[in-house]
Amino acid sequence: EAIEKGHAEPSGDEILIFADFYKQDYKYFISNDKLSASEQIEVLYRKHGRSFSKEDRWAIQEFIFLCESEQDILQYLQVTYKKFEIPAYKGIYKSQGVDAANKLRSFLGYKETELYSDLYSEFRKTGIHIFRRKLYNSDISGLFIKHPVAGKCVLINYDDDIYRQNFTLSHEICHALLDDNLGFN
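Residues numbered from 1 in each chain as written. Predicted model: local features only at pLDDT ≥ 70, side-chain atom pairs only at ≥ 80, totals over all residues. Heavy atoms only, no water.

1. Topic: the nonpolar core
- Counting 18 residues, the largest nonpolar core has F123, I128, I130, V154, L169 and I173 as its most contacted members.
- Only α6 (94–107), α7 (119–124), β3 (151–157) and α8 (162–178) provide two or more residues apiece to this core.
- It is α8 that provides the largest number of residues to this core, a total of four residues.
- L169 has contacts with L119, Y120, F123, I130, V154 and I156, leaving out every residue within four places of it along the chain. (Core = buried A, V, L, I, M, F, W, Y, C linked by side-chain atoms within 4.5 Å. Buried < 20%, exposed > 50% of the residue type's maximum accessible area, 1.4 Å probe, protein only. Helix = DSSP H or I, 4+ residues; strand = E, 2+ residues; numbered from the N terminus. Contact = heavy atoms within 4.5 Å.)

Right, dumping it as structure tokens:
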């Protein structure tokens, strides 16, 4: 209670407990420079706020926290990904999707007739953060967010059946690759 009223400062352990409980980067609690996970995607909530229940917002906040944490770990370990570059297309045509798919297959080193064995592992090779969380709104199968720190992030609703999850993953990856100029989709 003393911490809540500003009469005492939290210890390092308490800050880490708060960060874990609220699914925030610990820097958020000790610096005015760090935005919370939800503040970083506030435009998503402003535009689609009615679509997300309290539980969905919590799952999305946890997702953002996981993306930030994974990015921190990758930077600490000096893991880099060769960036998949897709040409800038004018207009929207089916042939562009076919071209992009062929370029992605080549980037991933697939032969012409080879199939994806594990979609999650394969798409992670592009440097996109992918996580699955239960979303209570069954109309939301997934979402793509271009995070200011973590980069491209995809959330899949694991409450859907596995076939829908795989379709949604492929769909959201297309947004991550083709709609890179958007903050979310």
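2. Concerning the state of the cysteines
- This structure, assessed with the given rule, holds zero disulfides.
- The thiol sulfur of C67 is not disulfide-bonded, and the nearest other cysteine sulfur, from C153, lies at 3.3 Å. (Disulfide = S-S within 2.5 Å.)

3. Looking at unusual backbone geometry
- Backbone geometry at Q78 places phi at a positive 60 degrees, although glycine is not the residue there.
- Secondary-structure assignment places Q78 in the loop between α5 (54–76) and α6.
- Judged by relative accessible area, which is 69%, Q78 ranks as exposed.

4. Thoughts on the sheet that holds β3
- Pairing is mixed in the open sheet, where three strands are placed in the order β1-β3-β2. Both outer strands of the open sheet, β1 (129–133) and β2 (142–147), are each paired with one neighbouring strand and no more. Strand after strand, the sheet turns through a mean of 20 degrees between neighbouring axes, direction not considered.
- Bridge count between β1 and β3: five bridges; the pairing is parallel. In the sheet register, I130 faces β3, and the bridge partner there is V154.
- Here α5 sits on the sheet in contact with β1, β2 and β3, set at roughly 145 degrees to β1.
- Here α8 sits on the sheet in contact with β1, β2 and β3, set at roughly 160 degrees to β3. (Pairing = 2+ DSSP bridges. Axes fitted to C-alpha atoms, helices over the stretch in contact; angles between N-to-C directions.)

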